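Here's the letter readout for the chains.
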Amino acid sequence: MEKNGNNRKLRVCVATCNRADYSKLAPIMFGIKTEPEFFDLDVVVLGSHLIDDYGNTYRMIEQDDFDINTRLHTIVRGEDEAAMVESVGLALVKLPDVLNRLKPDIMIVHGDRFDALALATSAALMNIRILHIEGGEVSGTIDDSIRHAITKLAHYHVCCTRSAEQHLISMCEDHDRILLAGCPSYDKLLCAKNKDYMSIIRMWLGDDVKPKDYIVALQHPVTTDIKHSIKMFELTLDALISFNKRTLVLFPNIDAGSKEMVRVMRKKGIEHHPNFRAVKHVPFDQFIQLVAHAGCMIGNSSCGVREVGAFGTPVINLGTRQIGRETGENVLHVRDADTQDKILQALHLQFGKQYPCSKIYGDGNAVPRILKFLKSIDLQEPLQKKFCFPPVKDNISQDIDHILETLSALAVDLGGTNLRVAIVSMKGEIVKKYTQFNPKTYEERINLILQMCVEAAAEAVKLNCRILGVGVSTGGRVNPREGIVLHSTKLIQEWNSVDLRTPLSDTLHLPVWVDNDGNCAAMAERKFGQGKGLENFVTLITGTGIGGGIIHQHELIHGSSFCAAELGHLVVSLDGPDCSCGSHGCIEAYASGMALQKEAKKLHDEDLLLVEGMSVPKDEAVGALHLIQAAKLGNVKAQSILRTAGTALGLGVVNILHTVNPSLVILSGILASHYIHTVKDVIRQQALPSVQDVDVVVSDLVDPALLGAASMVLDYTTRRIY
C-alpha cells in the first residue's frame, strides 16, 4: 500500500443486486475478506435479493458469512418497463444516504443490470471510484446499452476476454486501468466438478434421475421485445414437454415481462407436471453441480454461454438475448422459431453430448489478479477519469467562411460526347474537373462513371473538400424521385431504364440526385447565375442537342411524366427537317450542334464551306464550329444557315413567352452567343406586345450542367446544415 501512497486500508463497497451477479462477486468478496490488512469490506444488498418471489437470495450471502451492512428495498413491483425505470429511480433516491455513511474508496459494480446502472450513477456523482466487472462484452437487448453506460462511468475495468478488452480500448478507456483477469466465477467452477453431486441432483430432481439424463432450463424476458420472448418461452416449454426428460426450470429474473412468463409456466401446469421441477432459486454451489452433470442446458441466460462452457455441457441458446457473446463449441444457437419443432430438433442434437471444456471466460485465477489490481489503485491520483481518444486531424478553422468554402458536391455531366465529373464548392467554383469520352455501351459507361467518381472523391480529401453528395446531369427523360433515366435521346446509347442512384450511392456511400441536363442548367442559373432571386424564368441550353428548364414560383417544373421543358422539341415548322426524336420541324432539328454539323458537312461535301483564311485538316471532322467560322469570314450560305437556326430558336422562345410568360429567358451553351441577336429580332417581330419587353440574355456560367448537378446537392444538404 505504501508503494501507491495509501497509508490506510482500502474501503471497498461491493453492491450486489441479484443471484446472478452475486455468483461473480462472491469470489472477489471472499478474496477481500482473506486480506483484512489491506481491505475493509462493506456489503450492500438491493434489488431482487430482498424479494420473496425471487427466493430471498440475500440469505445465501449471510450463509457465506458476510456481514450485510445495508439492505435497500429498491424494486418497484410490476415486472414491466415502467417498473424497471421506477426501480432505478428508487435506488437513486436511497443510495446517497448509504454512500455518505459508508464513505467507500471504491465501489465494485458488476455487469449490465438496471440496478447496477443506479449504483454506478450514484457513485460517479458522489465522487467514488468505480471498478466495473465484465465490461466490454457484447450480448444483446438493452443490457448492452446499460453495460456500456456503466463502462463510461467506471474508473477501472475488470474484463473476462481478450475481445472485451479490445472493445474497452475501442471505447476510449485508459488501457492502464483495464485488467484482463477472466471471470471470477471460473475460480470456483474449475475446481467444482469433482465434488459430491449425486445428493444435489436427487435433492432438486428426484431419486430416480441419473447424471446426463436431465435438463436445466433458465430463460429470461428480452426487454426490447417482450412479446416475442414470451412466445419463445411458450415454444420452449412445449418442446421440453414433448422431449419427455426430467427438467429443472428456474423462474425468470425480475425484468419486464417476467410476470407474463410465470403465467405461461402456470398455464401449462409446469409446477405440477411430473417431469418438471420449478424453483425460484438454487444456491450457486449447487447450481454448478446441476449444470455440470446435466444432459443439456436450455434458455437465454448468460450462464449458459459463459459458465457452462467450463464443463463442456451442451447448451441450447434461444433468441437474441446473448446474440453477441463469445461461446464455445458446446453452444447451439436457435435465433428464432415459429413452432416448437426447431427447438425440439435442437434438443435431439444436443442432449447427452459431451464437449471439450472451454476456458474462453477464465482460467481459474481471476481473483488473485483482481486483488493485486485493487492494491495498485492510488487514491492520490486525480479522481476525474480520462478518455484515450484516437488521434484526430486538427480542424484547420472554425470560421464559417472556411466551412462554406470546403463544403462541396460531386457533379457528373453525361453529355452526348463527353462524360465529365467535377468537385464543385458551395460558391459554385469548380475546384477540379475530369473529362473522358462518353462510352457507347451501358457497361463501359457505368463503370467509367463509378471510377471517375471514386477518384474525384479521393482527390477531394486532399483538396480539403467535404463531399456532401453526388448530383448527376444527363440527357433524356429522368425520374428525379427515383434517380432513374427513363429513356434517353439517340445521342446517348443504351441509356433507357437506368438506375443511376443505386450504384453511385452504394459505391460512394453518399446521397445521389439525378435530373435532366436542361433542368440542371436552369437550377444552375437559379443558384449561381442570372436567375438568382427570380421567381419565374426559363433556360434554353444549346449544345449537341437543345434542352431547357422552367423555374416557376422559384421551383423547377418536372411535369406529370417528367417531360416538362423538352424545349428542344417544340415544333416551329410543319415541314421542317427530321429530328432525332422521330418528329420533324423541332427547334433541335434546326439549331442544335448536331443540326449545324449536318449542314456544315453538306456544304463541305459541295466545296461550299471553306472561304479564304480557313482550312479543315484531313483528320478533323467537320462540325458546327467550322460553320460558325465560315459565317464570320463572310460565307453567305453559312450565314443563311445560322440565321435560319437562330430564327427557329427565336420562334421557340416566342412560344415559351406566350405559354409560360417568364420574367427572363437565359440562353446557355456554346451556341448561345451566336443566336442571341437573331432571337431578339424574332421576338420583336413575332411576339405579342405584352411579352416583347422580357429580357433575353446569354448565360455567364461556364459549365451550367455541372453547376446544376452540384446545386441539387448543395441546395438540399445545406438546407439542413444552415
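Everything numeric here is computed off the predicted structure, so don't read it as measured data. (Residues numbered from 1 in each chain as written. Predicted model: local features only at pLDDT ≥ 70, side-chain atom pairs only at ≥ 80, totals over all residues. Heavy atoms only, no water.)

**Some details on the overall build of the protein**
Thought 1: Scanning the protein for helices and strands turns up 24 helices and 26 strands.
Thought 2: C-alpha extents for the protein along the principal axes are approximately 115 × 65 × 50 Å.
Thought 3: Expressed as a percentage of its 722 residues, the buried residues of the protein come to 56%.
Thought 4: A separation of at least 24 residues holds for 68% of the contacts in the protein among residues at least 6 apart in sequence.
Thought 5: For the protein, the accessible surface area stands at approximately 31600 Å², while carbon and sulfur atoms represent 51% of it.
Thought 6: Separation between the mean location of the 75 positive side-chain charges and that of the 85 negative ones in the protein comes to 5 Å. (Helix = DSSP H or I, 4+ residues; strand = E, 2+ residues; numbered from the N terminus. Buried < 20%, exposed > 50% of the residue type's maximum accessible area, 1.4 Å probe, protein only. Contact = heavy atoms within 4.5 Å. Areas by Shrake-Rupley, 256 points an atom, 1.4 Å probe, with all protein chains shown as cover. Lys, Arg positive; Asp, Glu negative; His and termini not counted. Charge placed at Lys NZ, Arg CZ, Asp CG, Glu CD.)

**A few points about the packing of aromatic side chains**
Thought 1: Scanning all chains against the criterion turns up six aromatic pairs.
Thought 2: Relative to Phe 66, the ring of Phe 30 lies with its centre 4.8 Å away and its plane at 50°, an arrangement referred to as tilted. Residue Phe 30 is located in helix α1 (residues 19-33), and its partner Phe 66 is located in the loop between α2 (58-63) and β3 (68-72); the two are separated by 36 residues in the primary sequence.
Thought 3: Residue classification places Phe 30 among the partly exposed positions, given a relative accessible area of 31%.
Thought 4: Residue class for Phe 66 comes out buried when judged on its relative accessible area of 4%. (Phe/Tyr/Trp six-rings, centres within 6.5 Å; stacked < 30°, edge-to-face > 60°.)

**Digging into the UniProt feature "binding site: Zn(2+)" (unreviewed entry) in the protein**
Thought 1: As recorded in UniProt, the sites labelled "binding site: Zn(2+)" (unreviewed entry) are His 569, Cys 579, Cys 581 and Cys 586. These residues run over 18 residues, yet every pair of their C-alpha atoms falls within 8.8 Å of each other.
Thought 2: By secondary structure assignment, the location of Cys 581 is in the loop between β24 (555-556) and α19 (587-591).
Thought 3: Apart from residues no more than four positions distant in its own chain, Cys 581 is found in contact with His 569 and Cys 586.
Thought 4: Counting through the fold element by element, Cys 586 comes out in the loop between β24 and α19.
Thought 5: According to the relative accessible area criterion, Cys 586 is buried, its value standing at 1%.
Thought 6: Every residue in contact with Cys 586, bar those within four places of it in the chain, is listed here: Gly 568, His 569, Leu 570, Val 571, Val 572, Cys 579 and Cys 581. (UniProt positions renumbered as here; feature names shortened; annotations may be inferred.)

**Some remarks on the sheet that holds strand β10 (residues 276-279)**
Thought 1: With parallel pairing, the six strands of this open sheet are ordered in space as β10-β9-β8-β11-β12-β13. Two strands lie at the open edges of the sheet, namely β10 and β13 (331-334), each paired on one side alone. If you compare each strand with its neighbour and ignore which way they point, the axes differ by 20° on average.
Thought 2: Where helix α9 (residues 226-243) meets the sheet, it contacts β8 (214-218), β9 (246-250), β10, β11 (296-299), β12 (315-318) and β13, and its direction lies at approximately 170° from that of β8. (Pairing = 2+ DSSP bridges. Axes fitted to C-alpha atoms, helices over the stretch in contact; angles between N-to-C directions.)

**Considerations on the nonpolar core**
Thought 1: Core analysis: the biggest nonpolar cluster contains 61 residues, and Met 107, Leu 119, Ile 215, Ile 298, Ile 316, Ile 343 and Leu 347 have the highest contact counts within it.
Thought 2: Counting residues per element, this core draws most heavily on α9, which supplies nine residues.
Thought 3: In this structure, this core is formed jointly by two domains, domain 1 (10-183 + 366-376) and domain 2 (189-350), each of which donates at least three residues.
Thought 4: In this structure Ile 215 touches Leu 240, Phe 243, Lys 245, Arg 246, Thr 247, Leu 248, Cys 296, Ile 298, Leu 347 and Phe 351, once residues within four positions along its chain are discounted. (Core = buried A, V, L, I, M, F, W, Y, C linked by side-chain atoms within 4.5 Å. Domains from an automatic or database assignment.)

**Details of the pairing of strand β5 (residues 129-133)**
Thought 1: Counting buried positions along β5 yields five of five residues, so the element is predominantly enclosed.
Thought 2: Here β5 shows no split at all, with Arg 129, Leu 131 and Ile 133 on one side and Ile 130 and His 132 on the other all buried.
Thought 3: With respect to chirality, the unit in which strand β4 (residues 106-110) leads through helix α4 (residues 114-125) into the neighbouring parallel β5 is right-handed.
Thought 4: In terms of strand pairing, β5 meets strand β6 (residues 156-159) through three bridges, oriented parallel. Bridge pairing in β6 links Ile 133 to Val 158. (Right-handed = clockwise from strand over helix to strand, strands pointing away.)

**Some thoughts on the packing of α9 against helix α13 (residues 340-350)**
Helix packing for two helices is described by the angle between their axes and how far apart those axes are.
Thought 1: It is at 8 Å that the axes of α9 and α13 come closest, and there the two elements cross at 50°. Judged on the interaxial angle alone, α13 and α9 are oblique. Viewed along their axes, α9 and α13 form a crossing whose handedness is right-handed. In this structure, α9 uses Met 232, Leu 235, Thr 236, Asp 238, Ala 239, Leu 240, Ser 242 and Phe 243 to contact α13, whose residues at the interface are Gln 340, Ile 343, Leu 344, Leu 347 and His 348. (Parallel < 35°, antiparallel > 145°, perpendicular 65-115°, else oblique. Left-handed = near helix turned anticlockwise from the far one by under 90°.)

**Some points on unusual backbone geometry**
Apart from glycine, the bulk of residues carry a negative phi angle, and the bulk of peptide bonds sit in the trans form.
Thought 1: One non-glycine residue with positive phi stands out, namely Asn 464, at about 60°.
Thought 2: Of note, Asn 464 is situated in the loop between α16 (442-462) and β17 (466-474).
Thought 3: With relative accessibility at 30%, the residue Asn 464 sits in the partly exposed group.
Thought 4: In the Ramachandran plot, Ala 565 falls in the positive-phi region, its phi being about 65° despite a non-glycine side chain.
Thought 5: Along the chain, Ala 565 falls in the loop between β24 and α19.
Thought 6: With relative accessibility at 9%, the residue Ala 565 sits in the buried group.

**Brief notes about the domain arrangement of the protein**
A common way to report how large an interface is uses the accessible area buried once the components associate.
Thought 1: Segmentation of the protein into domains returns domain 1 (10-183 + 366-376), domain 2 (189-350), domain 3 (400-529) and domain 4 (532-700).
Thought 2: Computed over C-alpha atoms, the centres of domain 1 and domain 2 are 25 Å apart.
Thought 3: Across the interface of domain 1 and domain 2, roughly 2400 Å² is buried in total on both sides, 50% from carbon and sulfur atoms.
Thought 4: Of all residues in domain 1, Arg 19, Glu 79 and Thr 141 give up the largest surface area on contact with domain 2, accounting jointly for 25% of the area buried on that side. (Buried area = accessible area lost by both parts, 1.4 Å probe.)

**As for helix α14 (residues 366-375)**
Thought 1: Taken as a whole, α14 has its buried residues at Ala 366, Val 367, Ile 370, Leu 371, Phe 373 and Leu 374. Buried residues in α14, looked at end-on, bunch into an arc of 160°, giving them a common side. (Arc of directions from axis to C-beta.)

**Some words on the sheet that holds strand β18 (residues 477-479)**
Two strands in a sheet stick together by hydrogen bonds in their backbones, pointing the same way (parallel) or opposite ways (antiparallel).
Thought 1: On the basis of which strands lie adjacent, the open sheet formed by three strands has the order β18-β19-β20 and antiparallel pairing. In this open sheet, the two strands that pair with only one neighbour each are β18 and β20 (498-499).

**Some thoughts on the pattern of salt bridges**
Thought 1: As enumerated under the stated definition, the model contains 36 salt bridges in all.
Thought 2: Close ionic contact of Asp 285 with Lys 188 constitutes a salt bridge, the shortest N to O distance being 3.1 Å. Residue Asp 285 is located in helix α11 (residues 284-292), and its partner Lys 188 is located in helix α7 (residues 185-189); the two are separated by 97 residues in the primary sequence.
Thought 3: By sharing partners, the salt bridges in this structure join Lys 24, Asp 112, Glu 134, Glu 137, Asp 144, Arg 147, Arg 306, Glu 307 and Arg 325 into a single network. (Salt bridge = Lys/Arg side-chain N within 4 Å of Asp/Glu carboxyl O.)

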